[in-house]
Amino acid sequence: METSTTLLQFEKKEETFEIKSEIKIVEKEEIIDKFETDKQVLNIVSQIKNIGKLLITEYKISEEESYKIAFYSFLKKISQKQNQIISISEYDNILSERNFNFHFNIKHFLQCPNFLEKIYSKSIPIGYKKNRGQFFTPIDIAEFMANIGLKDNPKKVLDPALGGGIFISTLNHITNNLSFTTVEKDPLCLAMAKINLSRYGNLNLEYKNMDFLDFNNSQYDLIIANPPYVRFHDIENRDETISKIETEIDSKLSRLINYYALFFFKAKNLLKEGGKLIFITPSEFLNVNYGTSVKEYFKKNYEIDSIITFENGALVFEDNLSTACITVLTRKNNPDKNKKVKLIKLSKWIGKNDLIKFYNEKQENYSDENISLTLLKQGELNYKEKWLKYFNKNEKFESCKHNLIKLSDIAFVNRGIATGANNYFLFSNSKFKEWNLEEDYFKPVIAKSNFCKFIDFTNEDFENLIFQDKSSHLLYCFSEPSQNLKKFIEHGEKQNLHKRYLTSKRTPWYSMEKRDVAPIWAGVFSRDGVKFILNKTNCLNLTTFHAIYPNFNDENKLLFLVAFLNSEHCKELIKREMRSYGGGLNKFEPKDLENIPVPDINNVSQQKIDEIASLFEDYLKKFRTKQDISSQKMELENEFEQILNA
Ligand SMILES: C[S@@+](CC[C@H](N)C(=O)[O-])C[C@H]1O[C@@H](n2cnc3c(N)ncnc32)[C@H](O)[C@@H]1O
């Protein structure tokens, strides 16, 4: 191997500057490894910086412009070797007075598809790159995205934020029959891409040097990009830019929206029906307020194939972003709400090949320390909610799956009684006296969820309701009515109650849906998790609660089950089954409750069940008398933790 120290020469018209730099030039045929390439990158960067400094003093131009011109002069050198014409006229004017020589081995450029991006990133001032969102995609990530993009055999591909052209390189590396359109606003990046892509000979490729937000063209099978990540207050013409997109999508957007989000909106009309969009962006839109409009737009115009988030530990961008995500969408005029969305979370980088395999092959919920997959129906993703939480849903479930069964394995869930006319069928003490009706025609009932103040509902609680003259009894007549009851029935008919939808379906109309007393009631609506009530009375329940009927008859097992259902562990597991009605209000159907994962009670020792039952009774007493329950709560949570992870 030959090594030599080379000279970097600056030739000005009459004078010659000599700057010493150490570059090792390797034999042509030798395979150049990453270490050598990185060394070469640093060396070229130092040459560019030296030229930049010289331009600052000689031409009194800004630091930013000088380094850009210096980088451009390096591009010019490669362009000569590649026979690729590039031109930025104001830079060409300055350089026409100069001839800067660079010493480098072209093989590094030829063998490393993002060689120029590496040099650009290290030569151009951070402020300039930040204001334009110029952070480049690592090759492994670009290859992963290209792999997903090629699955549907696209023909026409658009990269609306070209940069150095890494997506075109990787796509073309895998298949060479694509037609590309590319958009790049910055002439210097465009020049870099032209040289980069010149290594592939005759590509079917069109370059547009313009703002993508003004781009209107034909439609594409695939739009793949790393759109610029720029905070809007760093952007000139913010209002004008946002308004332009608002008009296009006919909807209002937050002024805090990030620039990259506009690329999501803009891309829709440029995609064919069934075409794919694959973007890598920060993941913040999944959780912040301005992201609501983006997520709503996804749900209306696309089927969401997958979202892959990268946590801090899983790289992604060397320069600035700590969290990133890849969004994969399919353009659909009528998206299928039942379409399964793959939510993948990477805590560690598992390597490109393993990630591609995981993405293509895993079809059910999965979780290990590096990666997790949660499958949810598109209809289950509520655009008003923060989406990052959806990615964690199956973790708890996965780690303790072997100890869990469904509630439906040990209980039956039914909705409460729908009377069809609560005011008529429900009786308070005074109404009871007023009509002088026989008690036999009635059943005690819980009519409203807020009548249950505690976690258990006792006879004393019920008597209190009667004392307060609340609705406490339900007309539950399945025998011949007495004279007094007949008068009450006529009173109902005069109000046409027998013609209402529910009553008209019953025979006679004043009879009731038959139900048994349920030992557990579950709230139908909730803001912060379902409330499960241990019913210690003979009361039936109306639709305000669902009724849970365990298939065992054991007091302590019942206490164990209610204790678990009200635990924080269970709350987390329940989130999987939630239907959200916006504003944080959730509605649960009996089927949702039957799907709740609960510990396999038959695998828990009787001793443990008795211990937990007694702990829970203590908890109920203290809760009722407003004593401190924190230690009982913690003990119960610990017990369930152990049972689940046994
Ligand atoms: C995050 S970089 C991505 C570059 C490259 N595709 C990659 O993944 O490495 C975004 C690129 O978009 C360019 N850009 C910024 N605003 C743009 C706009 N409005 N229209 C088109 N390109 C833009 C930037 O100059 C930058 O090159």
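Owing to the predicted nature of the structure, the values given are computational and were not obtained by experimental measurement. Every chain's residues receive numbers from 1 upward, in the order its sequence appears when written. In view of the model being predicted, local features appear only for residues whose pLDDT reaches at least 70, and side-chain atom pairs are presented and counted only at 80 or more, with totals across whole chains, interfaces and linings using the full set of residues.

A few words now on the overall build of the protein. A run of H or I in DSSP becomes a helix once it reaches four residues, and a run of E becomes a strand once it reaches two; helices and strands are each numbered from the N terminus. For the protein, the count of helices and strands is 24 helices and 27 strands. Here the protein holds 646 residues, and 38% of them are scored as buried. Here contacts are defined at the residue level, using C-beta atoms placed from the backbone and a cut-off of 7 Å between them. Within the protein, counting contacts between residues at least 6 apart in sequence, those at least 24 apart form 75% of the total. Put plainly, a residue is buried at 20 or more neighbouring C-beta atoms within 10 Å of its own, exposed at 12 or fewer, and partly exposed in between, counting only other residues' C-beta atoms, which are placed from the backbone.

Turning next to the site of the ligand. Only the C-beta atom, placed from the backbone, is used; a residue is near a molecule or strand if that atom lies within 6 Å of it. As a structural note, the neighbourhood of the ligand is formed by 24 residues, with Phe-136, Thr-137, Ala-161, Gly-163 and Asn-226 the closest of them. Within the shell around the ligand, the residues separate by chemical class into 12 nonpolar, six polar and six charged. The domain boundaries here were taken from an automatic or database domain assignment. Three or more residues apiece are contributed to the shell around the ligand by two domains, here domain 2 (156-209) and domain 3 (211-394). Residue type decides the class: Asp, Glu, Lys and Arg count as charged, Ala, Val, Leu, Ile, Met, Phe, Trp, Tyr, Cys and Pro as nonpolar, and the leftover types, Gly among them, as polar.

Here the focus is the pairing of strand E11 (residues 340-346). Counting buried positions along E11 yields five of seven residues, so the element is predominantly enclosed. Strands were regarded as paired on the criterion that DSSP finds at least two bridges between them. Summarising the sheet, strand E9 (residues 302-310) and E11 pair through five bridges and their orientation is parallel. Looking at E11, one finds that Thr-309 is bridged to Lys-345. Bridging between E11 and strand E13 (residues 371-377) involves seven bridges; their strand directions are antiparallel. Paired with Lys-342 across the bridge in E13 is Leu-375.

Pairing within the open sheet is mixed, and its four strands lie in the order E16-E19-E17-E23. Edge strands, defined here as strands with exactly one partner in the open sheet, are strand E16 (426-427) and strand E23 (540-541). When E16 meets strand E19 (residues 473-475), the two strands line up antiparallel, connected through two bridges. Bridging from a neighbouring strand, Phe-427 pairs with His-473 of E19.

Turning our eyes to something else, we now look at the environment of Gln-632. Its place among the elements puts Gln-632 in helix H24 (residues 630-644). Each C-alpha atom, one on Gln-632 and one on Tyr-619, is 5.9 Å from the other, the two residues being 13 residues apart in sequence. Here Gln-632 is in contact with Leu-615, Asp-618, Tyr-619 and Lys-622, once residues within four sequence places are set aside.

To continue, consider the nonpolar core. Buried Ala, Val, Leu, Ile, Met, Phe, Trp, Tyr and Cys residues form a nonpolar core when they are connected through C-beta atoms within 7 Å. Among the nonpolar cores identified, the biggest contains 100 residues, and Phe-71, Leu-75, Met-145, Met-192, Ile-223 and Phe-263 are the most heavily contacted of them. What Ile-223 contacts, discounting residues up to four positions off in sequence, is Leu-158, Pro-160, Ala-267, Leu-270, Leu-271 and Leu-277.

Our focus in this paragraph is the pairing of strand E5 (residues 179-183). With four of its five residues buried, E5 lies for the most part within the structure. Where strand E4 (residues 156-159) and E5 come together, four bridges link them in parallel fashion. Within the sheet, the bridge partner assigned to Lys-156 lies in E5 and is Ser-179. Crossover handedness is defined by viewing with both strands directed away from the observer: a clockwise path from the first strand over the helix to the second marks the crossover as right-handed. In this region the chain leaves E4, passes through helix H8 (residues 166-174) and returns to the parallel neighbour E5; the handedness of that crossover is right-handed. Direction of pairing for E5 relative to strand E6 (residues 205-208): parallel, over a ladder of four bridges. Each bridged residue has a counterpart across the sheet, and for Thr-182 the counterpart in E6 is Tyr-207.

Where helix H20 (residues 555-565) meets helix H23 (residues 606-624), the axes come as close as 8 Å, and the angle between the chain directions of the two elements is 65°. Here H20 is positioned roughly perpendicular relative to H23, judged by the angle of their axes. At the point where H20 passes H23, the crossing takes the left-handed sense. Between H20 and H23, the contacting residues are Asn-556, Lys-557, Leu-559, Phe-560 and Ala-563 on the first element and Ile-609, Asp-610, Ile-612, Ala-613, Phe-616 and Glu-617 on the second. Of the residues assigned to the contact of H20 with H23, the class counts are seven nonpolar, one polar and three charged. With axes taken as lines fitted to C-alpha atoms, and helix axes fitted only over the stretch in contact, angles between N-to-C directions fall between 0 and 180 degrees. Angle categories are assigned with fixed cut-offs, so that under 35 degrees is roughly parallel, over 145 is roughly antiparallel, 65 to 115 is roughly perpendicular, and the rest are oblique. Crossing handedness follows the turn of the near helix against the far one: under a right angle anticlockwise gives a left-handed crossing, and clockwise gives a right-handed one.

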